[in-house]
Amino acid sequence: MNFAILQFPASNCDQDALHVVQNVLGQSGRFVWHKENSLAGMNAVIIPGGFSYGDYLRTGAIARFSPIMQAVREFAAQGGPVLGICNGFQILCEAGLLPGALIRNRSLQFRCEHVFLKTATHQSPFTNKIPAGKILRLPIAHGEGCYFADDATLDQLEKDDRILWQYADANGQLTESGNPNGSLRNIAGLCNEARNVAGLMPHPERASENVLGSADGRLIFESWINWLESRMTQAA
Amino acid sequence: MKAKIIVTPKKAVLDPQGKTVQNALEQMGYKGIGAVHVGKYLEIELPGADAEAWRKQVDDACHKILSNPVIEDYRFVIE
């Protein structure tokens, strides 16, 4: 599978993402600069973490107007899978490809630690191979990760089974102490209505090898590859 | 001529920054104050003197990029 990893000025998780794609998962991939305007030949898109455009104005607010984002819109509209990680999640929300917004952590602190995640649904390209009941342990590193949407949107997300991951304690309980940023309904990641565009604040690319303290992130990428392969088989 | 734009968090949105500033003010002795909301102020320099001609464009820019309608409200004057 061919992964595009977008690069904006001040993206800083791009190298980690490409490392995981190529060296851990054995897939092909390349960086795509934000001024490019085509994703031709790509099977999947990762919008990596960082501080695109210095987080000026609002996180992700400027990046959404980069030329490559029009190509991402078209890629997503055709069913192509897109995963936004951390700043990538913020960009997807600003772009309107995902609902809601990420605002300042309730603690006002930049939180940099490992958190526990409950997988709320396995019906997505990004969660289908995560074992039932498995609590993921992934790192976060953000100051603006508090997920906000109005009640009607939150209810709709629940009704449509679009919440992918929720902050939890080690036993998978959705507690307030397990929620590092005050996200409403403990939402750590979600997908769009068509289920092919998703975002999450935790960093699976920083936790895909045991040497890094957790390899749980690999389950997300392996789910994705499984989904891509089955989609290709169906198309063939 | 300038567009003077104020962007504030929506009332329904958690505003931990405003709450923290409120707490700090109370600790400093400013008793009896109400809720504090922290927003942004932007000035855009505009050529000419026809404020009405710019109003729609400024409003459009506020809606598209200068604020995020999911979490923020805005208001502006051109003078």
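Note: the structure precedes this text.
The text that follows walks through the structure, step by step, so that each part is easy to find.

Rules behind the numbers
Residues numbered from 1 in each chain as written. Chains lettered and ligands numbered in written order. Predicted model: local features only at pLDDT ≥ 70, side-chain atom pairs only at ≥ 80, totals over all residues. Helix = DSSP H or I, 4+ residues; strand = E, 2+ residues; numbered from the N terminus. Rg over C-alpha atoms; globule rule 2.2 N^0.38 Å. Buried ≥ 20, exposed ≤ 12 C-beta atoms within 10 Å, placed from the backbone. Contact = placed C-beta atoms within 7 Å. Nonpolar A, V, L, I, M, F, W, Y, C, P; charged D, E, K, R; others polar. Pairing = 2+ DSSP bridges. Axes fitted to C-alpha atoms, helices over the stretch in contact; angles between N-to-C directions.

Here we look at the overall build of chain B
Okay, step 1: Tallying secondary structure elements over chain B gives 2 helices and 3 strands in all.
Okay, step 2: If you list the helices and strands of chain B from N to C, you get β-α-β-α-β.
Okay, step 3: Relative to its length of 79 residues, chain B is extended, with a C-alpha radius of gyration of 16 Å against a globular reference of 12 Å.
Okay, step 4: Across its three principal axes, chain B shows a C-alpha extent of roughly 45 × 25 × 15 Å.
Okay, step 5: Taken across its 79 residues, chain B has 16% of its residues classed as buried.
Okay, step 6: By sequence separation, contacts in chain B at least 24 residues apart represent 68% of the contacts at least 6 residues apart.

Notes on the interface of chain B and chain A
Okay, step 1: Listed by partner, the interface residues are 10 residues for chain B and 14 residues for chain A.
Okay, step 2: In terms of residue count, the dominant contributor to the side of chain B that touches chain A is helix α1 (residues 16–27) of chain B (3 residues).
Okay, step 3: Taken together, the residues that form the side of chain B that touches chain A break down as 7 nonpolar, 3 polar and no charged.

Some details on the sheet that holds strand β3 (residues 44–47) of chain A
Residues and elements named next belong to chain A.
Okay, step 1: Across the sheet, which stays open at both edges, the 9 strands sit in the order β2-β1-β3-β4-β11-β10-β9-β6-β7 with mixed pairing between neighbours. Whereas interior strands pair on both sides, the edge strands pair on one side only; in this sheet they are β2 (28–33) and β7 (135–142). The average undirected angle you get between the axes of adjacent strands in this sheet is 25°.
Okay, step 2: With 4 bridges connecting them, strand β6 (residues 111–119) and strand β9 (residues 163–168) associate as antiparallel partners. Bridge assignment links Lys118 to a residue of β9, and that residue is Gln166.
Okay, step 3: Packing against the sheet, helix α2 (residues 67–77) makes contact with β1 (2–7), β2, β3, β4 (82–85) and β11 (197–200), and its axis sits at approximately 130° to β4.

Some words on helix α3 (residues 87–94) of chain A
Residue and element names in this part refer to chain A.
Okay, step 1: The buried fraction of α3 is high, at 8 of 8 residues.
Okay, step 2: Where α3 is concerned, the buried positions are Asn87, Gly88, Phe89, Gln90, Ile91, Leu92, Cys93 and Glu94.
Okay, step 3: As for α3, its buried residues are in contact with β3, β4, β5 (101–103) and β11.
Okay, step 4: At the exit of α3 stands Gly96, carrying a positive phi of roughly 80°.

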